[in-house]
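Structure at a glance
The chain contents come next:
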Amino acid sequence: MTVKQLESRIHKLENQYSRIVRPEGNPQARAIIESVFEISDRERRGIGNIPGSGYELKPAYQSYDANLKFDIDIVHVPENEECIAGKILKGIKKPYECLQFGKKCTPQFSLGAPMVSSKGACAAYYHFSDMLDQQLVYH
């Protein structure tokens, strides 16, 4: 499905598992999630705060919240100014357009989220760009 979209220059969300997964999801699972969690704002590395993009426990379940139970102070670390992770994560820039890509920023010493995980866009470009057709990578 992804290759067909790429070849026809179409970009949309498709359900590969439509025989099993319905657009409305699993009603029982959704009911449980909605009874325990409520939608909240969330900080996303490289992007910032996205309103309504996360979940937090409802007040009735906060005794199970590890952050509260163990008095965990979440440290917020500022993004590295040399890193364009936000633009990469938003699809505005490609990893090779970052001035630090493959220089100061490598999988061993990453400056931002897309290089941290082997599944991140920067790490994937770092490891596999030499295997890809240069026309595909740079256009």
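My aim in this report is to walk through the structure given alongside it, one point at a time. (Residues numbered from 1 in each chain as written. Predicted model: local features only at pLDDT ≥ 70, side-chain atom pairs only at ≥ 80, totals over all residues. Heavy atoms only, no water.)

**Regarding the packing of aromatic side chains**
The criterion, for reference: We call Phe, Tyr and Trp rings a pair once their centres come within 6.5 Å, taking the six-membered ring for Trp, and we label the pair stacked below 30 degrees between planes, edge-to-face above 60, and tilted otherwise. Put simply, DSSP marks the helices as runs of H or I at least four residues long and the strands as runs of E at least two long, and each gets a number from the N terminus on. Only protein chains enter the accessibility calculation, which uses a 1.4 Å probe; a residue whose area is less than 20% of its type maximum is buried, one above 50% is exposed, and one in between is partly exposed.
Counted by the stated rule, this structure contains three aromatic pairs. Plain terms: the ring middles of Phe101 and Tyr126 are 6.3 Å apart, the flat faces sit at 80° to each other, and that makes the pair edge-to-face. Taken together, the residues Phe101 in the loop between helix 4 (85-89) and helix 5 (113-116) and Tyr126 in helix 6 (residues 121-128) connect sequence positions 25 residues apart. For Phe101, a relative accessible area of 18% translates into the label buried. Assessed through its relative accessible area of 33%, Tyr126 is described here as partly exposed.

**What to know about empty space enclosed by the protein**
This is how the line gets drawn: Only protein atoms enter the calculation, which uses a 1 Å grid: trapped sets of points that fit a 1.4 Å probe without letting it out are cavities, open sets showing protein on both sides within 12 Å along at least five of seven lines are pockets, and any residue with an atom within 4 Å of a point is a lining residue. Grid points are joined across faces, edges and corners, and a volume is the space filled by probe spheres set on the points. Three classes are used: nonpolar for Ala, Val, Leu, Ile, Met, Phe, Trp, Tyr, Cys and Pro, charged for Asp, Glu, Lys and Arg, and polar for all others, with Gly counted as polar.
For the coordinates displayed, the defined rule picks out one cavity of 30 Å³ or more. By volume, the largest cavity amounts to about 60 Å³. If you trace the largest cavity, you find it lined by Cys83, Ile84, Ala85, Ile88, Cys98, Phe101, Cys105, Gly112, Pro114, Met115 and Cys122. Among the elements of the structure, helix 4 and helix 5 are those that each provide at least two residues to the lining of the largest cavity. Along the lines of polarity and charge, the residues of the lining of the largest cavity split into ten nonpolar, one polar and no charged.

**Here's the deal with unusual backbone geometry**
One non-glycine residue, Arg9, lies in the positive phi region at around 55°. Positionally, Arg9 belongs in the loop between helix 1 (2-7) and helix 2 (27-36). A positive phi angle, close to 50°, is found at Asp71, a residue other than glycine.

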